[in-house]
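# Architecture and fold: a report
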Amino acid sequence: MSGDRADERFLDAIADAEPYAYWMDDADEPDANAMLVHPESCDLAIVGGGYTGLWTAILAKERDPSRDVVLIDAHEVGSAASGRNGGFMDSSLTHGIANAQVRFPDEVGLLEDLGLENMNEIEAAIRRYGIDCDFERNGVIEIASTRHNDNYLEELLEDYQQLRELGHKVEWLDETAVKREVNSPIFTGGMWCKDTAALVDPARLAWGLKRAAEQLGVRIYEDTKAVGLEHSGNGITVVTPLSSIRARRVALATNAFKPLLRRMHNYIAPVYDYCLTTEPLTPSQLDSLGWKNRQGLSDISNQFHYYRLTADNRILWGGYDAMYFFGGKLNTELESRPETWAKLSRHFFETFPQLEGVRFSHAWGGAIDTCSRYSVFWGTAMRDKVAYAIGYTGLGVASTRFGAQVMLDLLDGRSTQTTRTKFVRSKPIPFPPEPFRFLGIQVTRWALNREDKTGKRNLWLRTMDRLGLGFDT
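We now turn to the structure provided with this report. (Residues numbered from 1 in each chain as written. Predicted model: local features only at pLDDT ≥ 70, side-chain atom pairs only at ≥ 80, totals over all residues. Heavy atoms only, no water.)

### Quick look at the overall build of the protein
Basically, it comes down to this: Helix and strand labels come from DSSP, where a helix needs a run of H or I of at least four residues and a strand needs a run of E of at least two; each type is numbered from the N terminus. All radius of gyration figures rest on C-alpha atoms, and the globule criterion is 2.2 Å times the number of residues raised to 0.38. To sort residues, take the accessible area from a 1.4 Å probe on protein chains only and compare it with the maximum for the residue type: under 20% means buried, over 50% means exposed, and anything in between is partly exposed. By the convention used here, residues are in contact when the closest approach between their heavy atoms is within 4.5 Å. Residue burial considers only the protein chains on display, and all accessible areas are found by Shrake-Rupley using a 1.4 Å probe. For the purpose of charge, His is not counted, nor are the chain termini; Lys and Arg are scored as positive and Asp and Glu as negative. Charge positions are represented by NZ for Lys, CZ for Arg, CG for Asp and CD for Glu.
Counting secondary structure elements, the protein contains 14 helices and 18 strands. Here the C-alpha atoms of the protein give a radius of gyration of 22 Å, agreeing with the 23 Å that 2.2 N^0.38 yields for 473 residues. Counting only C-alpha atoms, the protein reaches 70 × 50 × 45 Å along its principal axes. Within the protein, the proportion of its 473 residues that are buried is 58%. Taking the contacts inside the protein whose residues are at least 6 apart along the sequence as the reference set, 75% of them involve residues at least 24 apart. Split by element, the accessible area of the protein, about 19700 Å² in all, is 49% carbon and sulfur. The averaged location of the 66 negative side-chain charges in the protein is 6 Å from the averaged location of its 53 positive side-chain charges.

### Here's the deal with the sheet that holds strand 12 (residues 269-278)
In plain terms, the rule: For two strands to pair, DSSP has to find at least two bridges joining them. In this analysis, axes come from line fits to C-alpha atoms, helices being fitted only over the stretch in contact, and the angle between any two N-to-C directions falls in the range 0 to 180 degrees.
Strand order in this open sheet of 8 strands is 5-6-4-13-14-15-12-16, and the pairing throughout is mixed. The two strands at the open ends of the sheet, each matched to only one other strand, are strand 5 (170-173) and strand 16 (360-370). Here the average twist between neighbouring strands, direction ignored, is 20°. Bridging between strand 14 (residues 305-309) and strand 15 (residues 315-319) involves 5 bridges; their strand directions are antiparallel. Within the sheet, the bridge partner assigned to Tyr306 lies in strand 15 and is Gly318. Along the sheet, helix 10 (residues 338-351) contacts strand 6 (187-193), strand 12, strand 14, strand 15 and strand 16; its crossing angle with strand 12, the most-contacted strand, is approximately 50°.

### Structural notes on the environment of Asn99
Checked against the element boundaries, Asn99 lands in helix 4 (residues 97-103). Separated by 260 residues in sequence, Asn99 and Arg359 have C-alpha atoms that sit 36 Å apart. Once you skip the residues sitting within four places of it in the chain, Asn99 turns out to touch Thr94, Arg373 and Tyr374.

### Brief notes about the packing of aromatic side chains
Under the convention used in this document: Each Phe, Tyr or Trp ring, with Trp reduced to its six-membered ring, pairs with another whose centre is within 6.5 Å; inter-plane angles below 30 degrees give stacked pairs, above 60 give edge-to-face pairs, and intermediate values give tilted ones. Here, a charge over a ring means that NZ of Lys or CZ of Arg falls within 6 Å of the ring centre while also lying within 35 degrees of the ring normal.
Taken as a whole and assessed by the stated rule, the structure comprises 24 aromatic pairs. Ring geometry for Phe104 and Phe423: centres 5.2 Å apart, planes at 75°, overall edge-to-face. Within this pair, whereas Phe104 is found in the loop between helix 4 and helix 5 (108-128), its partner Phe423 is found in helix 12 (residues 422-425), the two being separated by 319 residues in sequence. Ring geometry for Phe377 against Tyr388: centres 6.3 Å apart, planes inclined by 75°, an arrangement best described as edge-to-face. With Phe377 in strand 17 (residues 377-381) and Tyr388 in strand 18 (residues 386-390), the pair connects residues that are 11 residues apart, well separated along the chain. Of the two residues, Phe377 and Tyr388, neither departs from the other in class, the shared state being buried. Through a chain of ring-to-ring contacts, the aromatic side chains of Phe10, Phe187, Trp291, Tyr307, Trp317, Phe348, Phe349, Phe352 and Phe360 assemble into a single cluster. Directly above the ring of Trp192 sits Lys194, whose terminal nitrogen or CZ lies 4.3 Å from the centroid.

### Focus: helix 13 (residues 436-454)
Definition in use: To estimate the expected span of a helix, subtract one from its residue number and multiply by 1.5 Å. Throughout, the arc means that of the directions going from the helix axis to the C-beta atoms.
Over its 19 residues, helix 13 extends 26 Å from the first C-alpha to the last, a length consistent with the 27 Å expected when each residue adds 1.5 Å. Taken together, the buried positions of helix 13 are Arg437, Gly440, Ile441, Thr444, Ala447, Leu448, Glu451 and Asp452. Relative to the axis of helix 13, the buried residues are bounded by an arc of 140° and lie together on one face. Residues of helix 13 that are exposed and point over 90 degrees away from its buried face: Trp446 and Lys453. Two residues or fewer past helix 13, Gly455 is found with a positive phi of approximately 80°.

### Thoughts on the nonpolar core
Put simply, the test is: What makes a nonpolar core is a set of buried Ala, Val, Leu, Ile, Met, Phe, Trp, Tyr and Cys residues whose side-chain atoms join them at distances within 4.5 Å.
By size, the foremost hydrophobic cluster in this structure holds 49 residues, and its most contacted members are Leu44, Leu71, Met89, Leu205, Leu209, Trp378 and Phe423. Every element with two or more residues in this core is listed here: strand 1 (40-47), helix 2 (51-63), strand 2 (69-72), helix 5, helix 8 (202-215), strand 18, helix 11 (399-412) and helix 12. When residues in this core are grouped by element, the largest group, 7 residues, is from helix 2. Here Leu44 is in contact with Thr56, Ala60, Arg67, Asp68, Val69, Val70, Ala247, Arg249, Val250, Ala251, Leu408 and Leu411, once residues within four sequence places are set aside. Core analysis: the second largest hydrophobic core is formed by 41 residues, Tyr274, Leu276, Leu281 and Phe352 among them.

### Considering helix 6 (residues 150-165)
Its 16 residues give helix 6 an end-to-end C-alpha distance of 23 Å, which sits within 8% of 22 Å, the value for a rise of 1.5 Å per residue. For helix 6, the complete set of buried residues consists of Tyr152, Leu156, Asp159, Tyr160, Gln162 and Leu163. Next to the buried residues of helix 6 lie helix 4, helix 5, strand 4 (140-145), strand 5, strand 6 and helix 13. Backbone geometry just after helix 6 places Gly167 at a positive phi near 90°.

### Remarks on a negative patch on the surface
Inclusion rule: A residue counts toward a patch only above 30% relative accessible area and without a salt bridge, and it is joined to like-charged neighbours within 9 Å or, for Val, Leu, Ile, Met, Phe, Trp and Tyr, to nonpolar neighbours within 5 Å. Note on definitions: salt bridges are taken to be side-chain nitrogens of Lys or Arg within 4 Å of carboxyl oxygens of Asp or Glu.
Together, Glu29, Asp31, Glu76 and Asp223 line one region of the surface with negative charge. Secondary-structure assignment places Asp223 in the loop between strand 8 (219-221) and strand 9 (228-232). Classification of Asp223 by relative accessible area gives partly exposed; the value is 34%.

### Digging into unusual backbone geometry
Cis geometry is found at the peptide bond from Glu434 to Pro435, where omega equals 5°. Of note, Pro435 is situated in the loop between helix 12 and helix 13. In the Ramachandran plot, Asn313 falls in the positive-phi region, its phi being about 65° despite a non-glycine side chain. Along the chain, the position of Asn313 falls in the loop between strand 14 and strand 15.

### Here we look at the packing of helix 2 against helix 11
Selection rule: Should an angle fall under 35 degrees it is called roughly parallel, over 145 degrees roughly antiparallel, and 65 to 115 degrees roughly perpendicular, with every other angle called oblique. Should the near helix be turned anticlockwise from the far one by less than a right angle, the crossing is left-handed, and should it be turned clockwise, the crossing is right-handed. For this scheme, ten residues count as nonpolar: Ala, Val, Leu, Ile, Met, Phe, Trp, Tyr, Cys and Pro. Four count as charged, namely Asp, Glu, Lys and Arg, and the remainder, Gly too, count as polar.
At a minimum axis distance of 8 Å, the contact between helix 2 and helix 11 shows a crossing angle of 55°. With respect to helix 11, the element helix 2 is oriented oblique. Note that helix 2 runs across helix 11; the crossing there is right-handed. The residues of helix 11 that touch helix 2, namely those facing Tyr51, Thr52, Trp55, Thr56, Leu59, Ala60 and Arg63, are Thr400, Arg401, Ala404, Gln405, Met407, Leu408, Asp409 and Asp412. Residues that form the contact of helix 2 with helix 11 fall into these classes: 7 nonpolar, 4 polar and 4 charged.

### Regarding the packing of helix 2 against helix 8
Their axes nearest at 9 Å, the elements helix 2 and helix 8 cross at an angle of 30°. As summarised for this structure, helix 2 and helix 8 are arranged roughly parallel, according to the angle between their axes. Regarding helix 2 and helix 8, the two cross each other, and that crossing is left-handed. Residues Tyr51, Leu54, Trp55, Ala57 and Ile58 of helix 2 touch helix 8, and the partners they reach there are Pro202, Leu205, Ala206, Leu209, Lys210, Ala212 and Ala213. Class assignment of the residues belonging to the contact of helix 2 with helix 8 gives a composition of 11 nonpolar, no polar and 1 charged.

Structure follows, in structure tokens:
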């Protein structure tokens, strides 16, 4: 394709896409639970019905079946980031080994082991609770292509060597080998991580965890927003619009939404990410791709794409633009961004020109809870009766279980090898207030795009690195 006609084809491909998350377009979506309208009391109240909240509920009951647990969500369980993401499950707790090496160099090996153990526990739980979520542990290939400068391929080779030293099952793919796995004219190399990544249907995983929690005796209320926290005797009261919950302990799992604790406001920046899914591919279209091993794929650049096959052989294609709106604005209108969908469509056909004529069936977006270290962090408040785990920065499908586990340890006052790590004890550097936050993020996005094209990390990015605010994903 070339010129205006090519642009028309990119646009035509998204013209009929439903502005709705593909995963949510499922006849098996469970009915919503009742909202909380009468006072409740419990041992543990959980605010947030995404993965972190659901895992917190399940692990709390597995540890102590007699513990009385109530979970509330402002909308429906799994309706936000947990049910709308790309369905990539990565064992990394630190948003990649390179980030761990920079921020937690003395703990890299331990954190990698803990991440892999956590991943194995998730797979075991999916089987134990009979969760039908199209779990495929086929790994992920980190892709180098002609879009990237050569520096990135060298950095990927360093990651490969370090992962091998840590005992991970990784395979280096040169240009011929990577094209044999997945056929694209722009691919130049890659690293296939075979044991650290899996794919799931994220919405079905959330719904399955909800069902498992309820089977364990957790009481779940939906359409119930927490609007405040108050000391109440030897416990905490969670205030809702129509009622309240009095609890001995409270776990906050609010993701990108405005934290209930004011102290946390400057630690989180909600960033919007966008996705497309194609119509189901025909057998001949699938043959043109290869992709027999059905791995997840992810670019290695700052502004990256992630892509994968679904159970019905669509391609999910997302990423690249990461949009922050002034003041940390969050609303459903921001989940629609046609200009980004058009850009994603153009990049898709540049990557897979043999799929010309394929159309996209769904297009959507959602918010990610970004923090300056790009990985979950924890803390307690209100005399250690309230704990939180937030800041996953888009790689939380697996690490949320770990986040929940640590949060429970903090609430239960348990000292473990994990809670004694710098990773758990430290916090990210807070973002500056507006308008400096908005301006800083826009300048950083421009600089990252420039680095992708030139291979040069400019003065702005080097300064952010020194301040602990360097953004490289």
